[in-house]
Amino acid sequence: MKNRIKEKIKEALIMLQIDLPEEGVFVEETKDISKGDFSTNIAMRLASVEKTDPLILAERIVKSLKKDKDFKLIEFVKPGFINFFLSDTYLLGEIEKYAKLGADYFAQNIQKGRNIAIEFTDANPFKIFHIGHLYTNAVGESISRMQESLGASVKRVTYQGDVGLHVSKTMWGVEEQLKKEGKNFSDIEKLDLEERVAWLGSCYILGAEMYDYSKESKAIEEINEINYYIYYLTNPSLEKKDFSKFEEVNIKEKYTKGRLWCLEYFEKIYSVLGTKFDNYFFESEVSEMGLEIVKKNTGEIFKKDAGSVIYEGEKEKGLHTRVFINKYGLPTYETKEIGLALKKEELLRSDESIIITANEQSSYFKVIMDVLSKLNPEIAYKTKHFSHGVIRLPNAQKMSSRRGGVISGEWLFSETKRKVLSIMSNSDELEPELVDEISDKIAIAAIKYAFLKVTIGSDIVFDFDKAISFDGDTGPYIQYVYARANSLIKEFGTGDSQNICLGSCLANPFVERLVRTLSKYRVAMLDSALTYSPSTLCQYLFDLSQSFNAFYQNVRLSEMSEDDRGVYLVIIRAVLNVLQSGLFNLGIPIVEKM
RNA sequence: GUACCUGUAGCUCAAUUGGAUAGAGCAUUAGUUUGCGGAACUAAAGGUUGUCGGUUCGAUUCCGACCAGGUACGCCA
């Protein structure tokens, strides 16, 4: 429709013998329905060139527009805007397609045939899965789904740090903790999965405490040795040393088992969140590849410096100098990241590669991209790094997994679910066997929506009580609308046989508002997907939900004739289809009842 | 110190990328129900968009300076 309006304007300008500006005609959806469905500022932009009053020019353009039955009004107004109002017939016809075609009509095959790899979540085994991971997961899953709904073929990728200092700190902590508790590793193995993972987390904190805060030199030395040993296990090119003291206590076995526990635990979380990854990459698998290419290019791109290998970023481009191979000959995060990029290319050969992380890493990623553009320009060209803000607590402290003080994803979920259950218990009588499933879905909606409604990039101040409240602009509010609309259809039927175009229902302002909002879904969805911003879609769905609730409160289906009701049922069907599609694209589950 | 990000109502966030009277939610206040699901609806009140200047028909948006906060800056990830 936007393009049609653009064409119409262009025709009018030709008739008026006015050159159209280089940038073309801008047509936008209006934010306020009193100003029509679309508007253009073309008259104001041309006024200075044409040296006339914008309002007069707007009038001349409007008068030169060809007649079009799909608009009921085209007006020119105050400073010089031209507003387009869609006709009732057009709007209702659109709603009928929403109702009857649903998902088929929402699919917009703009990205058809395009392969996109999207990397997100990136949780590290041996470290806590905190609410930051929950956030990245929500963003990544939503962006993935939106790209898919545009027709792209998406590979969901996650990259997990199973080697590195955090691992050796944990393994060091494991030995200490076992001694302290007077237990054997086999005692730990008997615990539940959650307990085992939590136990490993406490070992990490112990190791990190010694390494980073107490800075006890013996512990530091041991942890560094363990680190080398674990790297050695997966990197055959590293020089062998005397590992007998680690072999005696079987660190390899403990590491292997612990790693698997964490992965199994993560998998449980992903399944609750509704993410299914296609590819899992591990630092242990990419480090060899990274080391190889960095070594090969040392002297050219990289530089030896005090026993390590570094990359000197150009200051003018605002790039930092970073260490790629440390003085022990081990690859750092940087080198592994390069290895990862190459490995991804080898396996996936995607047209576009998106990486989603917190924005603490953005200056680091600039360096990586710079290095990559020298090593392999093609990969660098198609790789995009999106960064989102961090989750902050209200007292403005950053969460650190080293010192505790982090909120785990699991804790947030169970607390939210508890609150959901307390609200559910004082309302309707739902079948008990459904309560658990439904409360899961509502909790997920509350959490994900709280994260997704904020523009990606700015920090989220995480106020627990607000995040899990269900009033107003929240996930459960939108789910509630779905459940309400669903119960109307259950009560009165689907209205399938109805020809909606017979209706004159738009005279009612509540209906008009609902229908106009409804008709904007495809545009909102496209906008949200193309700008990779789920928040746009959140706002749209909330707006739609408000329109629906107002409609619901003011239009009573039970008090009208069969024919009139039929028209409304088509509209309600359309609302259901949009909510279903929209929530799906956010990665938020729907519920039939709640 | 250097670079990047942020600053909008009491709080949490929007604002279609330079457009119309800066919009929502929460909290506050006043209403709505013998009624299809009240996790609801209708209103009111709340603003010098951090400050000062500049660019133009028009600035929350662009430019400059300053103020405040955050993040990153060679062997963590």
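Since this is a predicted model, take the numbers as computed values, not measurements. (Residues numbered from 1 in each chain as written. Chains lettered and ligands numbered in written order. Predicted model: local features only at pLDDT ≥ 70, side-chain atom pairs only at ≥ 80, totals over all residues. Heavy atoms only, no water.)

## Overview of the protein's contact with RNA strand B
Logical step 1: In the vicinity of RNA strand B, 72 residues are found, and the nearest of them are Phe81, Glu283, Arg484, Tyr552 and Arg556.
Logical step 2: Backbone sugar and phosphate groups make up 55% of those atoms of RNA strand B lying within 4 Å of the protein.
Logical step 3: A distance of 3.1 Å is found between a base nitrogen of RNA strand B and a side-chain nitrogen or oxygen belonging to Asn83.
Logical step 4: Per-element tally for the surface near RNA strand B: the top contributor is helix H23 (residues 534–554), with eight residues.
Logical step 5: For the surface near RNA strand B, the class distribution of residues is 25 nonpolar, 24 polar and 23 charged. (Near = heavy atom within 4 Å. Polar contact = N/O pair within 3.5 Å; in protein donor to acceptor, adjacent residues only side chain to side chain. Helix = DSSP H or I, 4+ residues; strand = E, 2+ residues; numbered from the N terminus. Nonpolar A, V, L, I, M, F, W, Y, C, P; charged D, E, K, R; others polar.)

## Some points on the UniProt feature "domain: Arginyl tRNA synthetase N-terminal" (unreviewed entry) in chain A
Logical step 1: Within this structure's numbering, the places UniProt gives as "domain: Arginyl tRNA synthetase N-terminal" (unreviewed entry) are residues 3–86.
Logical step 2: Structurally, residues 3–86 comprises 39% helix and 23% strand, and the distance from its first C-alpha atom to its last is 14 Å. (UniProt positions renumbered as here; feature names shortened; annotations may be inferred.)

## Let's talk about the sheet that holds strand E12 (residues 383–388)
Logical step 1: Spatially, E7-E6-E5-E11-E12 is the arrangement adopted by the five strands of the open sheet, whose pairing is parallel. Strands with a single pairing partner mark the edges of an open sheet, and in this sheet they are strand E7 (279–282) and E12. Strand-to-strand, the axes of this sheet are offset by a mean angle of 25°, without reference to chain direction.
Logical step 2: Docked against the sheet, helix H12 (residues 251–273) engages strand E6 (153–160) and E7, running at close to 140° with respect to E6.
Logical step 3: Sheet contacts for helix H13 (residues 283–296): E6 and E7; angle to E7, the most-contacted strand, approximately 60°. (Pairing = 2+ DSSP bridges. Axes fitted to C-alpha atoms, helices over the stretch in contact; angles between N-to-C directions. Contact = heavy atoms within 4.5 Å.)

## Focus on the pairing of strand E11 (residues 352–358)
For a regular strand, side-chain orientation follows a simple rule: the groups alternate between the two sheet faces.
Logical step 1: By the criterion of burial, E11 is predominantly enclosed, with seven of the seven residues buried.
Logical step 2: Sheet topology places strand E5 (residues 115–119) next to E11; four bridges connect them, and they run parallel. What sits directly across from Ala117, in E11, is Ser353.
Logical step 3: Bridging between E11 and E12 involves six bridges; their strand directions are parallel. Counterpart to Ser353 in the pairing with E12 is Thr383. (Buried < 20%, exposed > 50% of the residue type's maximum accessible area, 1.4 Å probe, protein only.)

## Here's the deal with the pairing of strand E9 (residues 308–311)
Logical step 1: The alternating pattern of E9 places Ser308 and Ile310 on one face and Val309 and Tyr311 on the opposite face, and all of these are buried.
Logical step 2: By the bridge criterion, three bridges tie strand E8 (residues 303–305) to E9 in an arrangement that is antiparallel. Bridge pairing in E9 places Lys303 opposite Ile310.
Logical step 3: Between E8 and E9, which follow one another and run antiparallel, lie two residues, and Ala306 among them has a positive phi close to 50°.
Logical step 4: Sheet topology note: the E9/strand E10 (residues 322–325) ladder contains three bridges and is antiparallel. Residue Ile310 lies in a different strand from E10, and its bridge partner there is Val323.

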